[in-house]
Number of protein chains: 2
Amino acid sequence: MEGDSSLHLRVFDLNCWGIRYLSKRRQERVELIGDVLRREGFDLVLLQEVWSEQDYNNLKGKLGGCYPFCHYFRSGVIGSGLCIFSRFPILDTLLYQYSLNGYPYMLQHGDWFCGKSVGLVVIKISGILFNVYITHLHAEYCREKDAYLPHRLVQAWELAQFIRHTSKAADVVLLGGDLNMHPEDVGIRLLRGWTGLQDAFVEATHFEGCEDGCTLIPKNCFTDKAELLPFPLGIRIDYILYKAISSFTVKCKELKTTMGTAPGTDIPFSDHEAVMATLHIKKQGQAAGDTLATAEPVMADVVTEAQTEVGVGLQAAQRQRYSTGRMAVLALLLLLVQATAALGTLVGLSTEQPFPKLSFSLLTFAAIGILLLATSLHLFHITEVKMLQGTEEQMRMALRALQERP
Amino acid sequence: MEGDSSLHLRVFDLNCWGIRYLSKRRQERVELIGDVLRREGFDLVLLQEVWSEQDYNNLKGKLGGCYPFCHYFRSGVIGSGLCIFSRFPILDTLLYQYSLNGYPYMLQHGDWFCGKSVGLVVIKISGILFNVYITHLHAEYCREKDAYLPHRLVQAWELAQFIRHTSKAADVVLLGGDLNMHPEDVGIRLLRGWTGLQDAFVEATHFEGCEDGCTLIPKNCFTDKAELLPFPLGIRIDYILYKAISSFTVKCKELKTTMGTAPGTDIPFSDHEAVMATLHIKKQGQAAGDTLATAEPVMADVVTEAQTEVGVGLQAAQRQRYSTGRMAVLALLLLLVQATAALGTLVGLSTEQPFPKLSFSLLTFAAIGILLLATSLHLFHITEVKMLQGTEEQMRMALRALQERP
């Protein structure tokens, strides 16, 4: 760090792949992450997928001397997995949980249970107010037929809106995390364009690391090679983004990624590569103002593209809402027929019971089960439709605002 | 409205009691609300419990001429019920859904299904930037033994934090809504103290309406008289709160409430009374700055009191988490015993089936049902524990900040 008007900030970002009982060599890797972080002494450390609070506490214990301030963002059944370690005091925090995050019945994917969120911590360093955001968006399990794209776009939009609305008093905004989107994806263009955030990889004066800045690479022994087949170099889905709001400028002096193994070892930190940025923050005479990063007409196209995808998701959600509703009604009708038959037998209208007792009971239980399940799903899809409609409307409002700008 | 540096703003706030099929004379009252709003020509109208989107659309159609700008906040299964009508353009919106909001199994109360939220709309009037917040917190069903107090306190805290973090660029902050808290309740003191918001009823130069500003009164023909027995005058749970952030002052010139019937009719708008404020906003030389409304030591006491209540809720949630977990394990064990018995019969180890087929199947279905139910509840209570812990920690951080202030 230099005088009052200039500051070098070293930021570390990593998706830790810390799924209890599932992630390979988890405890060993958490130890390793702690060792390297202690040795390297960054200013800010942004970690995702620290699902186990025990892992967080171990890191906290180990890093207490070097990073005396930290925060763990709790949400959802499993947790948000997000945490921050900082050399500088954390003044305030806020958590915003995304309104859509996959489906509870997609147990094999599990995103729904994580309560994916964006966490904000406010930090003051040498008189400069930083709003630091950390997030992890819904994973992409199949790029060709990505059923989660509308949800991820809702998340990207909510992330952008949350940053815009909460960062107005900040001098500098930082966002780090696993966005689960490639650099050219509509969600990234939406987020960057709507917030004015710059991509540290694109802006870096000096870069050292995987080709194209990739953070999920075939060379890493923990990655799924089949998934990366269409991308021989790997993909870039972990980002450090930044912007100055008031009378400061931010430049990325250096960006590094790990390259398949942690520094000085033969095992990786995680299945993701770490991203490490050195930012140079400098006071300038004039306030930067809150401008879009993308020209209005281009931005309008991006919002329209995102809105179309959200619209596709909305149609699918409406179909699901309908089919689960119909299923619930059919199960209810079946139950009513059974109740009528049972009642008929009881009052002696029918001499014989229409079914053997066992089949009758099994059928009743099946109908009750289907009724409960279909009703729960129907309620879920009602909410999904509402949130997609809400996002579509917000995007429409944004488009109007863009078109009305002089 | 006067010159550039002074503005009179007329704000209308009402909980509309618009529950489809349940609220009495709903459509007639919505018509009436629309008629009066059109006639009176307020600047801003904040409505809660507009659960039916059809009702919102009817109001929108009717009020289009007088209030050309409006927004409906969608969330949850039933909806947030929140909407805003404005004479001035709405520049931006954001919705924050509270992380806790009652229990899905409390069907008779239903709050969980509403997705209770705070909505923000940004409006510029005569060059003054307004952040207008609208909300509706969890209802209080039994004041003596209020099981929802911890959840309502989490909501009050999240509301305060959301307002603090999103309002930093605003000139004036307005909050209207049904807070379901009496003026002296800890949640109101927490919200007001932590945000610096002032209570229009307390500050009003001129007041006209129900005694003590009550908004739920025995005189209203739709209120539950038994519930209001301990409060012969009624209770005040609907508020208009405000503060100036930058170089403006806000004064409440006049506050009115309806008194059991809508103006010029013999039926009420709702089971709640409407609150109508005339605010006078004036430019002053100096910026107001972001200060607490309550002195630090008093504020620390309020946060401590709130934290204690959240702690009580946390203990209850932990007990529920434990007992639902135990129930799930017991159901699983029962299923395992049954599976063993069934397997034993199948491979011929036991000559006779231990139970008659029908009882055996019924028991199996009951065990499966209990397992599913207990597991769902267990997951729910895990989330509840996490959110209560998160809030407790944020409050601890706030206390530290309060104690460290010079």
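All values derive from a computational prediction rather than experimental measurement.

## Comments concerning the domain arrangement of chain A
Residues and elements named next belong to chain A.
Alright, step 1. Entries for chain A in the domain assignment read domain 1 (6-283) and domain 2 (295-404).
Alright, step 2. Centre-to-centre separation of domain 1 and domain 2, based on C-alpha positions: 35 Å.
Alright, step 3. With 19 residues of domain 1 at the interface, the matching set in domain 2 holds 20 residues.
Alright, step 4. Between domain 1 and domain 2, a total of about 1700 Å² is buried, with carbon and sulfur atoms accounting for 78% of that surface.
Alright, step 5. When residues of domain 1 are sorted by the area they lose upon contact with domain 2, Tyr105, Trp157 and Trp194 head the list and together hold 28% of the total.

## So, the UniProt feature "domain: Endonuclease/exonuclease/phosphatase" (unreviewed entry) in chain A
Alright, step 1. Per the UniProt entry, the sites bearing "domain: Endonuclease/exonuclease/phosphatase" (unreviewed entry) are residues 15-272 of chain A in this numbering.
Alright, step 2. Between the first and last C-alpha atoms of residues 15-272 of chain A the distance is 6 Å; the span itself is 22% helix and 28% strand.

## So, the nonpolar core
Alright, step 1. Ranked by internal contacts, the top residues of the largest apolar core, which has 158 residues, are Phe130, Leu279 and Ile281 of chain A together with Phe130, Leu279 and Ile281 of chain B.
Alright, step 2. Excluding residues that lie within four positions of it along the chain, Leu279 of chain B makes contacts with Leu7, His8, Leu9, Val11, Leu174, Tyr242, Val250, Lys251 and Cys252 of chain B.

## Examining the packing of aromatic side chains
Alright, step 1. Taken as a whole and judged by the stated rule, the model has 32 aromatic pairs over all chains.
Alright, step 2. Centroid distance Phe12 of chain B to Phe269 of chain B: 6.0 Å. Interplanar angle 85 degrees. Geometry classified as edge-to-face. Of the two residues, Phe12 of chain B is situated in strand β1 (residues 6-15) and Phe269 of chain B in the loop between β12 (248-257) and β13 (275-283); the sequence distance between them amounts to 257 residues. Judged on exposure class, the residue Phe12 of chain B and its partner Phe269 of chain B are both buried.
Alright, step 3. Considering the side-chain rings of Tyr103 of chain B and Tyr148 of chain B, the 6.1 Å spacing of their centres and the 35 degrees angle between planes classify their relative orientation as tilted. Placement of the pair is Tyr103 of chain B in the loop between β5 (90-97) and β6 (117-125) and Tyr148 of chain B in the loop between β7 (128-136) and α3 (149-166), with a sequence separation of 45 residues.
Alright, step 4. Ring pairs connect the aromatic residues Tyr96, Tyr98, Tyr133 and Phe162 of chain A together with Tyr96, Tyr98, Tyr133 and Phe162 of chain B, which therefore count as one cluster.

## Focus on the pairing of strand β13 (residues 275-283) of chain A
Residue and element names in this part refer to chain A.
Alright, step 1. Where burial is concerned, most of β13 is hidden: seven out of the nine residues are buried.
Alright, step 2. Sheet analysis places strand β1 (residues 6-15) next to β13, joined by eight bridges and oriented antiparallel. The residue bridging Ser6 from the neighbouring strand is Lys282, located in β13.
Alright, step 3. The sheet contact formed by strand β12 (residues 248-257) and β13 spans nine bridges and is antiparallel. Across the sheet, Phe248 pairs through a bridge with Lys283, a residue of β13.

Each value, and the rule that gives it
- One numbering rule holds for all chains: residues counted from 1, following each sequence as written.
- In the order they appear in the text, chains get letters beginning with A and ligands get numbers beginning with 1.
- Local features in this predicted model are restricted to residues whose pLDDT is 70 or higher, and side-chain atom pairs enter the listing and the counts only when it is 80 or higher, whereas totals over whole chains, interfaces and linings include all residues.
- Neither water nor hydrogens contribute to the side-chain values; these are computed over all heavy atoms in the structure.
- The split into domains, and so the bounds of each, comes from an automatic or database assignment of domains.
- Note on contacts: a residue pair qualifies if any of its non-hydrogen atoms lie within 4.5 Å across the two residues.
- Put simply, buried area is how much 1.4 Å-probe accessible surface two parts lose in total, over both of them, once they are put together.
- UniProt positions are given in the numbering used here, feature names are shortened, and annotations may be inferred rather than shown by experiment.
- Going along the chain from the N terminus, every DSSP run of H or I of four or more residues is numbered as a helix, and every run of E of two or more is numbered as a strand.
- By nonpolar core we mean a set of buried residues, namely Ala, Val, Leu, Ile, Met, Phe, Trp, Tyr and Cys, connected to one another through side-chain atoms within 4.5 Å.
- Exposed residues in this analysis have more than 50% of their type's maximum accessible area, buried residues have under 20%, and partly exposed residues fall in between, with area computed by a 1.4 Å probe over protein chains only.
- For this analysis, a ring pair means two rings from Phe, Tyr or Trp (six-membered ring only for Trp) whose centres lie within 6.5 Å, classed as stacked if their planes differ by under 30 degrees, edge-to-face if by over 60, and tilted for the remaining angles.
- For two strands to be treated as a pair, DSSP must find at least two bridges joining them.

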